[in-house]
Amino acid sequence: MAPNAPQGKIEKILSCAFAISTKESAALELPDFPLDNLPLAAKVLENNPHLSPHSVLFRLYPYRAFLKEQISHLESLLSSFDVKAEAPGLYSNFARRVRAFLEGPRQSQVYVETDYQNGLIEEMLQSESVADFCIVGPKGCGKSLLVQQVADILGKQTENIVLYQDMTARDLIQQRTTLDNGDTVWKLSPLILAALEGKIAVLDGINRIHPSTLSVLHRLVQDRELQLHDSKRLISSDRYQFIKENFGLTDQQLEESGILRIHPDFRIVAIGEPPTTQSPTGNWMTPEVLSLFLFHEVRTLSKEEELHIITSKYGPISRPLHKIVELAHILRNSTDQTLNNLSGHLSTRQLLRIAARMKNYPTNFAFDSIQTTFMVKFLPSLARQALEKTVQKLGIVPEEDYSEDSPIICEVRDNIVTIGQSSVPVYKTTHLTKVPNILFYDVPQHLHLMEKMLQDFQLGQHLLLVGNQGVGKNKIVDRFLELLNRPREYIQLHRDTTVQTLTTQPTVKDGRLIHEDSPLVKAVKHGHVLVVDEADKAPTHVTCILKTLVESGQMILSDGRRIIPTASQETAGEHHIRIHPDFRVIILANRPGFPFLGNDFFGALGDLFSSHAVENPSPGSEVTLLRQYGPNVPLETIKKLVRVFGDLRNMADQGLLSYPYSTREVVNIVKHIEKFPDADLEDVVFNVFDFDRYSPEVVETLGEVLEKHGFSSKNVMTAEYIAAKRAKEKIQVTVNRYSGLDTKEPKHGKEDPDNAPHVGGNTWAGGTGGRDTAGLGGKGGPYRLDKGHEVHQLSDEEKNAVPDHILRAAREMGRKAFQEKLKEIGMSGYDATLYNQFYNNVSRQVQSLRIILGNLQAKNKERHWTRHQTGGELDDVKLVDGLLGEKTIFRRRTEQEPEIGAPQLKPKIFRVVVDVSGSMYRFNGYDGRLDRELEAAVLVMEAFQGFEDKIQYDIIGHSGEDVSIPFVKLKEPPKNNKERLDVIRKMHAHAQYCWSGDHTLEGTESAITSLAEEECDEAIVVVLSDANLQRYGIPPSQLAAALTAKSNVSGYAIFIGSLGDQAERLQEKLPAGRAFICSDVSQLPQILKQIFSSSVISTL
Ligand SMILES: Nc1ncnc2c1ncn2[C@@H]1O[C@H](COP(=O)(O)OP(=O)(O)OP(=O)(O)O)[C@@H](O)[C@H]1O
Ligand SMILES: [Mg+2]
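Basis of the calculations
Residues numbered from 1 in each chain as written. Chains lettered and ligands numbered in written order. Predicted model: local features only at pLDDT ≥ 70, side-chain atom pairs only at ≥ 80, totals over all residues. Heavy atoms only, no water. Helix = DSSP H or I, 4+ residues; strand = E, 2+ residues; numbered from the N terminus. Buried < 20%, exposed > 50% of the residue type's maximum accessible area, 1.4 Å probe, protein only. Salt bridge = Lys/Arg side-chain N within 4 Å of Asp/Glu carboxyl O. Pairing = 2+ DSSP bridges. Axes fitted to C-alpha atoms, helices over the stretch in contact; angles between N-to-C directions. Contact = heavy atoms within 4.5 Å. Parallel < 35°, antiparallel > 145°, perpendicular 65-115°, else oblique. Left-handed = near helix turned anticlockwise from the far one by under 90°. Nonpolar A, V, L, I, M, F, W, Y, C, P; charged D, E, K, R; others polar. Near = heavy atom within 4 Å. Polar contact = N/O pair within 3.5 Å; in protein donor to acceptor, adjacent residues only side chain to side chain. Areas by Shrake-Rupley, 256 points an atom, 1.4 Å probe, with all protein chains shown as cover. Patch = residues over 30% accessible without salt bridge, like charges linked within 9 Å, V, L, I, M, F, W, Y side chains within 5 Å. pLDDT = per-residue confidence, 0-100. Expected span 1.5 Å × (residues − 1). Phe/Tyr/Trp six-rings, centres within 6.5 Å; stacked < 30°, edge-to-face > 60°. Lys NZ or Arg CZ within 6 Å of the ring centre and 35° of its normal.

With an unreviewed UniProt entry as reference, the chain is termed von Willebrand factor A domain-containing protein 8, source organism Asbolus verrucosus.

Asker: How should the overall build of the chain be read in this particular structure?
Answerer: Regarding its fold elements, the chain presents 44 helices and 36 strands. Expressed as a percentage of the 1100 residues in the chain, the buried residues total 53%.

Asker: Which parts of the structure should I look at to understand the pattern of salt bridges?
Answerer: Where side chains of opposite charge bring their charged atoms close, a pairing between them can arise. Applying the stated criterion across every chain, the model contains 35 salt bridges. For arginine 233, the salt bridge identified is with glutamate 225, shortest N-O distance 3.4 Å. Classification of arginine 233 by relative accessible area gives partly exposed; the value is 26%. Judged by its relative accessible area of 11%, glutamate 225 is buried. Here arginine 332 ties to glutamate 306 by a salt bridge, and the two come within 3.0 Å at their closest N and O atoms.

Asker: Is there a simple way to explain the sheet that holds strand 32 (residues 951-958) in this structure?
Answerer: What holds strands together in a sheet is hydrogen bonding between their backbones, with the strands either parallel or antiparallel. Spatial ordering of the open sheet is given by 33-32-31-34-35-36, a layout of six strands whose pairing is mixed. Two strands close off the open sheet at either side, each with one partner strand: strand 33 (965-968) and strand 36 (1075-1077). Sheet twist, expressed as the mean angle between neighbouring strand axes with direction ignored, is 25°. For strand 31 (residues 908-915) and strand 34 (residues 1018-1025), the ladder comprises six bridges, and the chain directions are parallel. Bridge assignment links lysine 908 to a residue of strand 34, and that residue is glutamate 1018. Each of strand 31 and strand 33 touches helix 40 (residues 977-993); the most contacted strand, strand 33, lies at about 150° to it.

Asker: What is the right way to read the packing of helix 28 (residues 619-629) against helix 29 (residues 635-653) from this model?
Answerer: Relative placement of two packed helices is described by the angle separating their axes and the distance separating the axes. Remark: helix 28 packs on helix 29, axes separated minimally by 10 Å, with the N-to-C direction vectors making an angle of 135°. Of the possible angle classes, the one that applies to helix 28 and helix 29 is oblique. Note on packing geometry: the crossing formed by helix 28 with helix 29 is right-handed. Contact with helix 28, carried on its side by Pro619, Glu622, Val623, Leu626 and Arg627, involves Leu635, Ile638, Lys639, Val642 and Arg649 of helix 29 and no other residues of that element. Residues belonging to the contact of helix 28 with helix 29 are distributed by class as follows: six nonpolar, no polar and four charged.

Asker: Would you take a moment to explain the site of ligand 1 for this structure?
Answerer: Around ligand 1, 18 residues are found, and the nearest of them are Val112, Gln117, Ser144, Leu145 and Lys547. The separation between an oxygen atom of ligand 1 and a polar side-chain atom of lysine 143 is 2.7 Å. Residue leucine 145 places a main-chain N or O atom 2.7 Å away from an oxygen atom belonging to ligand 1. For ligand 1, the accessible surface in isolation is 630 Å², of which the surrounding protein chains cover 93%. Contributing elements (two or more residues each) for the shell around ligand 1: helix 8 (143-154), helix 19 (348-360) and helix 26 (540-552). When the residues that make up the shell around ligand 1 are grouped by side-chain class, the tally is eight nonpolar, five polar and five charged.

Asker: What is the right way to look at a nonpolar patch on the surface in this model?
Answerer: A grouping of Leu14, Phe18 and Leu35 is seen on the molecular surface, where their side chains present a nonpolar patch of about 230 Å² in accessible area. Structurally, the position occupied by leucine 35 is in the loop between helix 1 (7-21) and helix 2 (38-47). Accessibility expressed as a relative area gives 31% for leucine 35, which makes it partly exposed.

Asker: Honestly, the environment of valine 1022 in this entry has me stumped. Any pointers?
Answerer: Relative to the elements of secondary structure, valine 1022 occurs in strand 34. Taking the relative accessible area as the measure of exposure, valine 1022 reaches 2% and is therefore buried. Sequence separation between valine 1022 and alanine 1007 is 15 residues; the distance between their C-alpha atoms is 9.6 Å.

Asker: For this particular structure, what's the right way to read the confidence of the model for the chain?
Answerer: Where the model shows low pLDDT, its predicted coordinates should not be examined in detail. When pLDDT is averaged along the chain, the result is 80; 81% of the residues meet or exceed 70. In the predicted structure, residues 897-904 sits below a pLDDT of 50 and forms four contacts with residues beyond four places in sequence or in another chain.

Asker: How do you make sense of the sheet that holds strand 21 (residues 576-578) when you look at a structure like this?
Answerer: Taken in spatial order, the three strands of this open sheet run 19-20-21, and their pairing is mixed. The sheet terminates laterally at strand 19 (555-556) and strand 21, the two strands that pair on one side only. Strand direction decides the pairing type here: strand 19 and strand 20 (residues 562-564), joined by two bridges, are antiparallel. Looking at strand 20, one finds that methionine 555 is bridged to isoleucine 563. Strands in contact with helix 25 (residues 519-526) are strand 19, strand 20 and strand 21; relative to strand 21, the strand with the most contacts, it is inclined by about 60°.

Asker: How should the pairing of strand 33 be read in this particular structure?
Answerer: Along any regular strand the residues' side chains alternate between the sheet's two faces. In this structure, strand 32 lies alongside strand 33, joined through three bridges in antiparallel fashion. Along strand 33, the bridge assignment pairs glycine 957 with isoleucine 965. Turn length for the strand 32-strand 33 hairpin, with the two strands adjacent in sequence and antiparallel, is six residues.

Asker: Which parts of the structure should I look at to understand helix 23 (residues 473-484)?
Answerer: Residues that lie three or four places apart on an α-helix share one face, since the helix turns once every 3.6 residues. Between its first and last C-alpha, helix 23 extends 17 Å over twelve residues, near the 16 Å set by a 1.5 Å rise per residue. Within helix 23, nine of the twelve residues are buried, leaving the element largely enclosed by the surrounding structure. Burial in helix 23 covers these residues: Lys473, Ile476, Val477, Asp478, Arg479, Phe480, Leu481, Leu483 and Leu484. In the segment just after helix 23, asparagine 485 is the residue with positive phi, at about 65°.

Asker: Teacher, can you tell me more about the packing of helix 22 (residues 444-458) against helix 23 here?
Answerer: One way to put it is that helix 22 packs onto helix 23 with a least axis distance of 11 Å and a crossing angle of 60°. Considered as vectors, helix 22 and helix 23 are oriented oblique to each other. As helix 22 runs across helix 23, the sense of the crossing is right-handed. Here His446, Leu449, Met450, Met453, Leu454 and Phe457 of helix 22 come into contact with helix 23, specifically with Ile476, Val477, Arg479, Phe480, Leu483 and Leu484. Residues that form the contact of helix 22 with helix 23 fall into these classes: ten nonpolar, one polar and one charged.

Asker: Would you mind showing me how to read the packing of aromatic side chains here?
Answerer: Aromatic rings in a pair are described by how distant their centres are and how their planes are angled relative to each other. By the definition in use, this model includes ten aromatic pairs. Each ring, one from tyrosine 61 and one from phenylalanine 66, has its centre 5.2 Å from the other, and the planes form 80°; the classification is edge-to-face. Neither residue differs from the other here; tyrosine 61 and phenylalanine 66 are each classed as buried. Here phenylalanine 457 and phenylalanine 480 contribute two aromatic rings whose centre-to-centre distance is 5.2 Å and whose plane-to-plane angle is 80°, an arrangement assigned as edge-to-face. Taken together, the residues span a long stretch of sequence, with phenylalanine 457 in helix 22 and phenylalanine 480 in helix 23 at a distance of 23 residues. For phenylalanine 480, a relative accessible area of 0% puts it in the buried group. Chaining the aromatic ring pairs together yields one cluster made of Phe33, Tyr61 and Phe66. Of note, arginine 299 hangs over the ring of tyrosine 116, and the distance from its end group to the ring centre comes to 3.7 Å. The ring of phenylalanine 457 carries arginine 584 above its face, with NZ or CZ at 5.5 Å from the centroid.

Encoded structure:
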């Protein structure tokens, strides 16, 4: 097959391939090796004998992209055949060809050479000459650019095809359409056209497409043959030639019999992002896909490479820009998952955009760019803290005297628009009816934003505005366009928006199907500004279509027409729409993150746009704005309203309220008061809130806010206002004491009926600083007993001096007492008062945690379209089929069923590790840490009820005696209050009776390693601790290592009690975002939410 390929290298590759495929390797659970592709390896080697066996093998089996833990196993297997990764070999013929091209007259304006990318281009050319290939690399690392280079060198044209999730095999090959005379015909897809014309079909986003759709490619790739829906057949040019010659047929005769020739130059190049190996559902690089292509892995660019590209394009790099590049690389190389996920926002693409901006609008401050690039305000607070810490370490600080409320000019004079320091000429247009015309009051905050938008427009960029609902995004955009005199086209997306509706609007006229231009097409044609509203509502794969449009200026409409870039060489035919140079897109999306539902548009496509956050108005701006709506409303009233709404928004941002109280509502209130000055302010406000819609907990929260600002909430509180605030705990002080007396024999001690404080008398139960009796702070006693008195603590030396036999006896007695206690718990009835003491303290938190968990669950149950139904909504794609009498032309929203054969969705596991060591009991009186821990347990047990199919939890404890004490077992959650009460009673008993000592570290390690072995999609471990590590000489680095020991388990520590600033100091030393301080149990849901959201981010 490849007679001249170097024999030795081929043998090595064969050995490796078969070693991977043997049964013995089955234990490694490696995906099948694509043995059928071995001839391709031979051909590549024959053409390029200098290549190393490893580099050729890697093209067939790019294990680094789809394996994780097994990489090292596999590499040791390979090295046993002496196959190792090596530095790239010598320059080949191709390299010379690349050189000649790059130095030739057609030198590309876009591509800046780097050795690494030149090497990749060379390798791709090698593969291209024998087979179809696939490029795998992270977002925005230069994949598309490299493919374009390859095509340019070969002098081939590309056809970019964006793949999306619900694409059908039919979308990929052929669709039905009608001609002007009403006939229906099959229309060839871009892929098929590329095959016939010998282009390179670039399938962008192969990681998104459903495997079943991809299977239609198999015959096309492997045999260069394909059966079309209209019974035509594509065959390879060899076979075509063979048939033609053997049967003496002409091209015309063959065409009439439905045989089409695939052009020999035709190639498929697939582009995909590396699979997220954590979840089995995320791995698209299945054995089937491996058998389709040769693979090339692309990494993100190194700092030097990136700096080189930026300087080549935009000249010397300023200090702030340098800082930003540095930040990008710190994030990319970070082992912290949270930081690493953020690095996507500083892709090469984004860095180049920032560079362009800084070149035109120089600044001394990197801070502002970072704020906008990451939309820092909207990051989940966990990610935000982690980022801020990193930014601070780099010495990036905010600009000092900048205020978003500072006055700023905005005027249109002599056909020049000026906002702040920036000016542009007013746009000339004949479509004046499309220019928005609105009522707008200048608010400094908004004008500052508009100045930035103006600059972006000048730089030719498309915009993305993200902000809370009702914060004024539409108003700002409309006003902006009005000032510039730019016509607007508007589309609003929703969750049922499809790719088709984005591009054309099909209607049936006189029995014929007419595709009307969608607003998008109109904007492209006439150079209008396309405003895409609520972009986050549409499925991400729909909005991905916007990607090619914005990025490469290409798009294929569902009626077969094609949008081509402004500067395209192609002659614009009837089916081509050339993009008007003035065309711009402004996308509006609601703030991303959690628990805001909707798709994270910003996360998916944010780096393609110049993005800006539209924030809630600052108090100053909001007052200014409201005064203009209500000039006669007393200023005091306005200020009061602004304060109330400010508070409410903060709470909404924290997830305590689910409704974002927007400017829209306050404006309505003010307008109303302006119109009816005699109306009762309270009534007006209460009307806006429409309390009926809320649960009692929310009503209560709202009531508190209103009351705080001087409203009387009696009007709304139907239920009694329960101020069930826990009585402030009596602070117990610890006094060091030296007794100087010996211990004799451990005993419980006498019960004092008056419960008077006893210090060191060796008589009473519950004394402190004594010997032999049960109490606190003493030595030699059998167990702890807290009677609520000030604690007199013996020194450690004195404690250590207690003889062994006494200790043993004390321990024995403690153990017995503990056994009895457990028996007692087992037999006791349900004590409602006791349970409610704990429950009442967390009931509201239970509610808010349940909202959070409910949203988590919703993420899993994504609904999708089921097509080919006999009832439901009309499916645009099948309109023509409908006209032809087909019945299955409807589609319905259904919950996504797991595909047959797809791995079962495994539940998430949430494990709480509780500290039930003696210090929890001992210092409970000091800061209520044990109570808080028990409340936390109640919170978890109550809140997780009913979510078992998606999230399972368990509670495991550790104490001075044990490393792993199961309090709640997986899949056996307590079923009722009695069982829940028993759980916390047992925890309490452990803390009271266990021997002193600490196993926080061992407990954490064991909890995380044992969980790593469980079958689950995602595992979170939360360690509740009192930060008392120092006492037992545990360095924080060890806890950090324990928390991050397993890549498939995210570990977090929550410090729920500490002496002095122990917890703060410890938090400092742990990885960013892994440690939290919780001084009040009401903070727990917030903290858990942060933890959940950061783990949700990591699955995006
Ligand atoms: N050598 C280079 N010279 C000039 N620009 C480069 C170079 N390498 C990368 N870029 C720039 O990096 C950005 C990202 O490149 P490209 O769009 O090809 O990435 P991608 O991997 O296809 O991204 P995505 O995953 O989002 O499709 C582009 O703006 C591109 O111009
Ligand atoms: Mg790309």
